[in-house]
Each structure stands twice: as C-alpha cells, then as structure tokens.
Amino acid sequence: MALPDVLEALNKAFSGIGVDENSLISVVANSSHEHKKSLRKGFSKLFIEDENGFERSDQSAIKNLKFEFKRFRDAVILSLLHPWERDARLIEKAIKKGPKQYGVIVEIACSRSSNELLGARKAYHSLFDRSIEEDLASHVKGSERKLLVALVSAYRYEGPKVNEDVAKSEAEILSNAIKNAHKRKPIEDEDLIMILSTRSKPHLQALNEHYNKICQKSLTQELEGEGNLKDTVECLCTPETYFTRVLDSALSADADEESKRALTRVVVTQKELLVKDGSVPNKIEGILTGAYKDFILGSLAREENK
Amino acid sequence: MATIHVPNQVSAIEDAESLRKACKGWGTDEKAIISILGHRNAAQRKQIRLAYEELYQEDLIKRLESELTGDFERAMYRWILDPADRDAVLANVAIKKSSPDHAVIIEISCTRSPEELLAVRRAYQARYKRSLEEDVAAHTKGDVRKLLVALVSAFRYDGEEIDTRLSNSEAKILHEAVKDKAFNHEEVVRILSTRSKMQLLATFNRYRDDHGTSITKNLPGDSGNELVVALRAAFRCLNDPKKYFEKVLRNSIKRIGTDEDALTRVIVTRAEKDLKEIKDIYHKRNSVPLDQAVAKDTSGDYKALLLTLLGKED
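Calculation notes
- Residues numbered from 1 in each chain as written.
- Chains lettered and ligands numbered in written order.
- Predicted model: local features only at pLDDT ≥ 70, side-chain atom pairs only at ≥ 80, totals over all residues.
- Heavy atoms only, no water.
- Helix = DSSP H or I, 4+ residues; strand = E, 2+ residues; numbered from the N terminus.
- Buried < 20%, exposed > 50% of the residue type's maximum accessible area, 1.4 Å probe, protein only.
- Contact = heavy atoms within 4.5 Å.
- Areas by Shrake-Rupley, 256 points an atom, 1.4 Å probe, with all protein chains shown as cover.
- Lys, Arg positive; Asp, Glu negative; His and termini not counted.
- Charge placed at Lys NZ, Arg CZ, Asp CG, Glu CD.
- Rg over C-alpha atoms; globule rule 2.2 N^0.38 Å.
- Buried area = accessible area lost by both parts, 1.4 Å probe.
- Salt bridge = Lys/Arg side-chain N within 4 Å of Asp/Glu carboxyl O.
- Polar contact = N/O pair within 3.5 Å; in protein donor to acceptor, adjacent residues only side chain to side chain.
- Disulfide = S-S within 2.5 Å.
- Expected span 1.5 Å × (residues − 1).
- Axes fitted to C-alpha atoms, helices over the stretch in contact; angles between N-to-C directions.
- Parallel < 35°, antiparallel > 145°, perpendicular 65-115°, else oblique.
- Left-handed = near helix turned anticlockwise from the far one by under 90°.
- Nonpolar A, V, L, I, M, F, W, Y, C, P; charged D, E, K, R; others polar.
- Phe/Tyr/Trp six-rings, centres within 6.5 Å; stacked < 30°, edge-to-face > 60°.
- Lys NZ or Arg CZ within 6 Å of the ring centre and 35° of its normal.
- Core = buried A, V, L, I, M, F, W, Y, C linked by side-chain atoms within 4.5 Å.

Caption draft 1: Summary view of the overall build of chain A. Scanning chain A from N- to C-terminus turns up 19 helices and two strands. On the principal axes, the C-alpha backbone points of chain A span a range of 75 × 50 × 45 Å. The buried share among the 306 residues of chain A stands at 50%. Considering only residue pairs separated by 6 or more positions, chain A has 65% of its internal contacts joining residues 24 or more positions apart. Here chain A has roughly 14800 Å² of accessible surface; of this, 52% comes from carbon and sulfur atoms. Here chain A holds 47 positive side-chain charges and 49 negative ones, and the gap between their average locations is 3 Å.

Rendered as structure tokens:
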C-alpha cells in the first residue's frame, strides 16, 4: 500500500468515536520496519519529531486513543451488568468524579422507574456497604446536595391519577420561585425541591403544562442555565428531549471525553426510547467506527427486531 | 420478642367460619373475634382474610368495620391489617390531622427496618395513589418538613459495617449543632436520615463518651420548638426504640384521659416484634406490670383485645 493511502487509512481508523480495528490490522500488523518509520514521520496525530530528530510518540494523544479503544469494552460490560448494579456503579463513579458529573446522577434518578431506582439503591448497599444518600450527602457540597439526595431518595407514585388543582397551584409556586431567582437561586427553594423530588411524573407533566399556560414558556426554557435543575425537569417531563440532547452532544465535533462516554451510557440504558427515534442510526453512522459502532448499532437493532 | 400466643395448628377456613358465626345474627360475639384474631400472626391473619373472601365473597375487614365500634374497632382494624399496610394507614392518619402528628411519622420511619419502611412506602402508594413523601411534604412546613421527608425517604444500608472515623467526626458535628442550638443545621438532617442504624449507634455512643451525656439531654422534650421536639424523637427512636416505645406507653396511660391512639398503636405494632422487652422495661421503670396499668385504664372489648395482644392467656 502506498504511503499516502496508509496514512489516510490510519487517520480514518483513529477518527470518530471508537477505532476501526480491521483497518488497523491490515495497515499496522503487517507493516514493515521501513513502513512504520515512514508512518511515524508522516502521522503527526500521534508522532512528533523532537529537537533531536527522534520521532517520539505524543503521549497525551496516545492516552486519548486509549479511551477510543476502551469504548467497545466498556459498552459490552455495561450491557452485561444487571441494570441495578450498572446504575449503582454509574452513580458511585459520578459522585467520585465531582460536580461536572452530577448530571449523571440526576439522569439516573429521574429517568428510571421507581422500582429500578430502588433496585439501584439496594445494589449500592451490597456493592459499597453504604447507601447512595449517605455518600451523596457527605461528598456533595452546596445547594446541589439537597437536590441530589432528594431525587435519589424518591419512590414516586407511578399511577396516572393527577390532581389538576394541585398541579396548577404548584405550577404557580414554581413560577414565583423562578421569578424571584434574582433574590434566591431556584435550586435553593425548598418548595421547588420538594415538588420536583416527591411528585409523580404524570403530575409533573401536568404541572409543566399549567406552567406553560401561566408563563408562556416551558419550565425547561425558564431553567436554561440552571444546570442540574434543568436536567431534572427535562428528564422527568420530557425524557426524549433530554436524551436526544445528550446524544447529539456526544456526537458533536467538539465533544469531550465525558460527553462521548454518555453515548455508551444512553444507548445501553435507553434503548427503548432511542429506537423510537428513527434518525438515531443515521446520526451514528458517519461518526462511530469499528467494533464500537457495530455494537451500538447492534444494540439498537435488537430492539427493533423484538 | 413477640407477646402474642399463637396455637400450633390453625385452619384459616375454620377461623373464617368461626368469625362469620361471630358476626352473624343480632349481636356480635366480640370475645370470639378476639380469641381468634388475637392469637394469629400476620401471615395467618392474611390467610384468614383470603379464606373469608373465598367463602363469603365479602371483605372480612369491612364486615368487622360495620360490626364493631369505638376504640375496639379502631384497634382491631389496625391489628388485622398487614404490617406495611397498617403503617401506611397510621402514617396517613398522622399526616391528615389538622396539626400533623410528627411523632408518629418519626416513629414509623425510624423504628422500622429499611426493607419494612420500603414496604410501607409501597403500601402507601397502593392505598392512597400518592407517595408517602409527597403527602408528608405537602402537609408540613419549614425545618420540620425537611427532617420528616428525609426520614421517610431513607433507605439505609442495613449492614454491620461501621466507620469509626466517621462516628468520631459526626459526633463532633452533632455536638456543634446542638451546642449552637443550630438545630436546622443541614448536617444534622443529613446524618440522621442517611447513615445506617449501626453507624448512628456508634456515633451516639461516641458522643456519650466524649461529652458524658446523651445528645437528647440538650434537646428538651418540653421545648416549644417543634423542630427540637422532632429531633429529640428521632434521636431516641434511632438510639433505643424499645425505650422510646416504653415512654410512649407510659405517657399514653399517664394522662388524665388515656391516649388510646398511642396505646393502640404501640401495642398493635410491637406485639409481634419486641413488646415483651418493652413490657420488661415498663415494669422496671414503673414498678407495675404493663398489663395491670392497661387493665386499670381501659375497659370492655378494647381492654380484652389489648390484654390478649399483651400475652394474656385465655
């Protein structure tokens, strides 16, 4: 294979999310010594020439490669775990990683059913000899703590019964809390936290509609910029919107590692939701590569064929 | 240990038939009802209800509700329910009072095991089509609300593992909060509502070792501040539930009028659990057996049921 083609193939194999294992096998495995030398000289993504003319590897670029190679493995493992253990481990990692990852905790607490969330809490006991609430309460500081502990502790009623009058009056409570955001941050409003963390999802959806009527804006629009609070409302009221947004973020050109990891998490945990959106496989097609791509597309296809 | 006496052999069908006989006709044979139901555990009572439904296409509970009256009816109604369902009813009654009974909510959320509390939450949803926490949140306000919602939402780790570093640091935190009278301190709620019971015991013991007294000494029971009263109840329930129940019983009998709600609640909810130990504590503390005190203060079928649950042989 001519060198420019090899370089292009290598580049392509390492572009996108995941790696093209087959291409790498054919390009790298039977490269001659000379070939590899030229590869190093020409492949600036991974190799740089230092002051001594030595073609050394760019360690941070190689480190990032590690993430791409790992993706397939992580997707397989995540897929195999019992959903409760999976969610418990995702939450534990998120707590350890800190504020930037609290969105994952919100996502799990708000998108799972009451019994799935309960299961995750039980699994957490078994895996870590502590409860999620106590780890959250002792690691999370500030106003996020109240919200996260409350969300994770919820055991929401799952029936359809909604009291419209209460939903309406609570929509007004939220509207006032948001109007007074300049005096007190909404996330510190006790009533707001109580409502979002104890009411059933149908109730909150009804509340959202009333809010729309009162304020001519949806709750999620109003909470733009309020990070975890916005995610909370979106996940509880319009999960499809939330997960589409997370997916699109993961697939965008400037996605960082954590955003990309969300892709595996969302596809593995929200198959049913994503399959309804026919555009997802196409979105993935051009951007994912290799075994990782096959696994993700395969996961989505399996649901369709059920 | 349980106080009720249960026969070795029982037949749900025979029991259902006997109960039917006791309810049919002009009067109700309350003694027969007590002598059957007062000697059956939760699993057996459930079987009897199922058998009764099968035989007579009627809900035994509804039949009893219509035949019985007063304190006796209330006690029997609570006794016959499944424990989780019973706690759900007790919680709902406490919440719906014009001035919500915080102590009952604290009692249920702090003395039941994590799995039992979970079962209560499920039973509450099934019965009232709302979650327990949303009702508590909707009917209480302020700092007490934060505490109560946190306590009912807890799903504590149920194991024996303790972290002594943690009990040390958290005993300090509790001390600071109590010292500064900063009872609405977020940390107090966090510790009380998230730590496992074993961990909390270690923390309370540490507090006692460090300061010579228990935390509750600094939380006066006659305080006008409802948060202080609630915290005190929570600490006592978590620290030594049997001692707590003895006090509730003592207070319920001590009053000029007996507090039948509290008396019924403790006897009915602990008869299959630890009423024996609570009786022992009562006797030690008051120099008179609980049975005697209850017999003196109550009458009629209500008294007969309570004494049966306390272990009186027929």
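Caption draft 2: Structural view of the overall build of chain B. The helix and strand tally for chain B stands at 19 helices and zero strands. Taking 20 Å as the expected radius of gyration for a compact globule of 314 residues, we find that chain B reaches 21 Å, a close match to that expectation. Going through the 314 residues of chain B one by one, you find that 53% of them count as buried. Counting only contacts in chain B whose residues sit at least 6 apart along the sequence, the fraction spanning at least 24 positions is 70%. Summing over all exposed atoms, chain B offers an accessible surface of approximately 14000 Å²; the carbon and sulfur share of this is 48%. Both charge centroids of chain B, one from 53 positive and one from 51 negative side chains, sit 3 Å from each other.

Caption draft 3: Focus on the interface of chain B and chain A. Counting residues at the interface gives 28 residues for chain B, matched by 27 residues for chain A. Here chain B meets chain A over a buried area of about 2500 Å², counting both sides, of which 52% is carbon and sulfur. Contact with chain A buries area across many residues of chain B, yet Glu 134, Phe 155 and Tyr 157 of chain B alone supply 24% of it, more than any other trio. Our enumeration of links across chain B and chain A arrives at six salt bridges. There are 16 residue pairs in polar contact (both at pLDDT 80 or more) connecting chain B and chain A. Listing elements by their share of the side of chain B that touches chain A, those giving two or more residues are helix H8 (114–128), helix H9 (132–139), helix H10 (142–153) and helix H12 (186–194) of chain B.

Caption draft 4: Quick look at the state of the cysteines. This structure, assessed with the given rule, holds zero disulfides over all chains. Among the cysteines around Cys 237 of chain A, which has no disulfide bond, Cys 110 of chain A carries the closest sulfur, lying 9.5 Å off. For Cys 237 of chain A, a relative accessible area of 11% corresponds to the buried category. Here Cys 237 of chain B stays free of any disulfide, with the sulfur of Cys 110 of chain B as its closest cysteine sulfur at 5.5 Å.

Caption draft 5: Layout of unusual backbone geometry. Residues and elements named next belong to chain A. Here Asp 129, not a glycine, exhibits a phi torsion of approximately 55°, which is positive. The residue Asp 129 is located in the loop between helix H7 (114–128) and helix H8 (132–139) in this model. With a relative accessible area of 35%, Asp 129 lands in the partly exposed category. Phi angles above zero are rare outside glycine, and Gln 216 is one such case at about 55°.

Caption draft 6: The environment of Val 229 of chain B, seen in detail. Residue and element names in this part refer to chain B. Counting through the fold element by element, Val 229 comes out in helix H14 (residues 226–239). Considered as a pair, Val 229 and Asp 291 are 62 residues apart in the sequence and their alpha carbons are 29 Å apart. Setting aside its immediate chain neighbours within four residues, Val 229 contacts Gly 221 and Ser 223.

Caption draft 7: Inspection of the pattern of salt bridges at higher detail. Here the structure, examined in full by the defined rule, presents 58 salt bridges over all chains. Here Arg 245 of chain A makes a salt bridge to Glu 234 of chain A, at a shortest N to O gap of 2.5 Å. Highlighted residues: Arg 245 of chain A in helix H15 (residues 239–251) and Glu 234 of chain A in helix H14 (residues 228–237), separated in sequence by eleven residues. Accessibility expressed as a relative area gives 31% for Arg 245 of chain A, which makes it partly exposed. Its relative accessible area of 5% is what places Glu 234 of chain A among the buried residues. In this structure, Arg 49 of chain B engages Asp 82 of chain B in a salt bridge whose closest nitrogen and oxygen atoms are separated by 3.9 Å. A residue pair is termed long-range when its members are at least 10 positions apart, and Arg 49 of chain B in helix H3 (residues 42–56) and Asp 82 of chain B in the loop between helix H5 (70–80) and helix H6 (83–96) qualify at 33 residues. Residue classification places Asp 82 of chain B among the partly exposed residues on the basis of a relative accessible area of 22%.

Caption draft 8: Broad picture of helix H16 (residues 257–269) of chain A. All names here are of chain A. End to end, H16 covers 19 Å across 13 residues, agreeing with the expected 18 Å (1.5 Å per residue, within 8%). Extensive coverage of H16 is indicated by the burial of ten of its 13 residues. Three or more residues of H16 are buried, namely Glu 257, Lys 260, Ala 262, Leu 263, Thr 264, Arg 265, Val 266, Val 267, Val 268 and Thr 269.

Caption draft 9: Main features of the packing of H6 of chain B against helix H7 (residues 102–111) of chain B. Residue and element names in this part refer to chain B. Where H6 contacts H7, the axes come no closer than 8 Å and their chain directions differ by 155°. Classified by the interaxial angle, the pair formed by H6 and H7 is roughly antiparallel. As for how H6 packs across H7, the hand of that crossing is left-handed. Of the residues in H7, those in contact with Asp 87, Leu 90, Ala 91, Ala 94 and Ile 95 of H6 are Val 104, Ile 105 and Ile 108. The residue makeup of the contact of H6 with H7, split by class, is seven nonpolar, no polar and one charged.

Caption draft 10: Spotlight on the packing of aromatic side chains. Applying the stated criterion across every chain, the model contains nine aromatic pairs over all chains. For the pair Phe 204 of chain B and Phe 235 of chain B, a centre-to-centre distance of 5.4 Å together with 65° between the ring planes defines the contact as edge-to-face. Here Phe 204 of chain B is found in helix H13 (residues 197–211), whereas its partner Phe 235 of chain B is found in helix H14, with 31 residues between them in sequence. Of the residues examined, Phe 235 of chain B reaches a relative accessible area of 3% and is grouped as buried. Clustering of aromatic rings is evident, with ring pairs tying together Phe 14, Phe 43 and Phe 69 of chain A. A cation sits over an aromatic face here: Arg 261 of chain A above Phe 67 of chain A, 5.2 Å from the ring centre. Residue placement shows Arg 45 of chain B over the ring face of Trp 79 of chain B; its charged tip is 3.9 Å from the ring centre.

Caption draft 11: Spotlight on the nonpolar core. Core analysis: the largest hydrophobic core is formed by 96 residues, its most contacted members being Met 76 and Leu 192 of chain B. In terms of residue count, H14 of chain B provides more of this core than any other element does, nine residues in total. Apart from the residues within four sequence positions on either side, Met 76 of chain B is in contact with Ile 33, Ile 34, Leu 37, Leu 64, Leu 68 and Leu 305 of chain B. Core analysis: the second largest hydrophobic core is formed by 68 residues, Ile 17, Leu 147, Ala 171 and Leu 236 of chain A among them.

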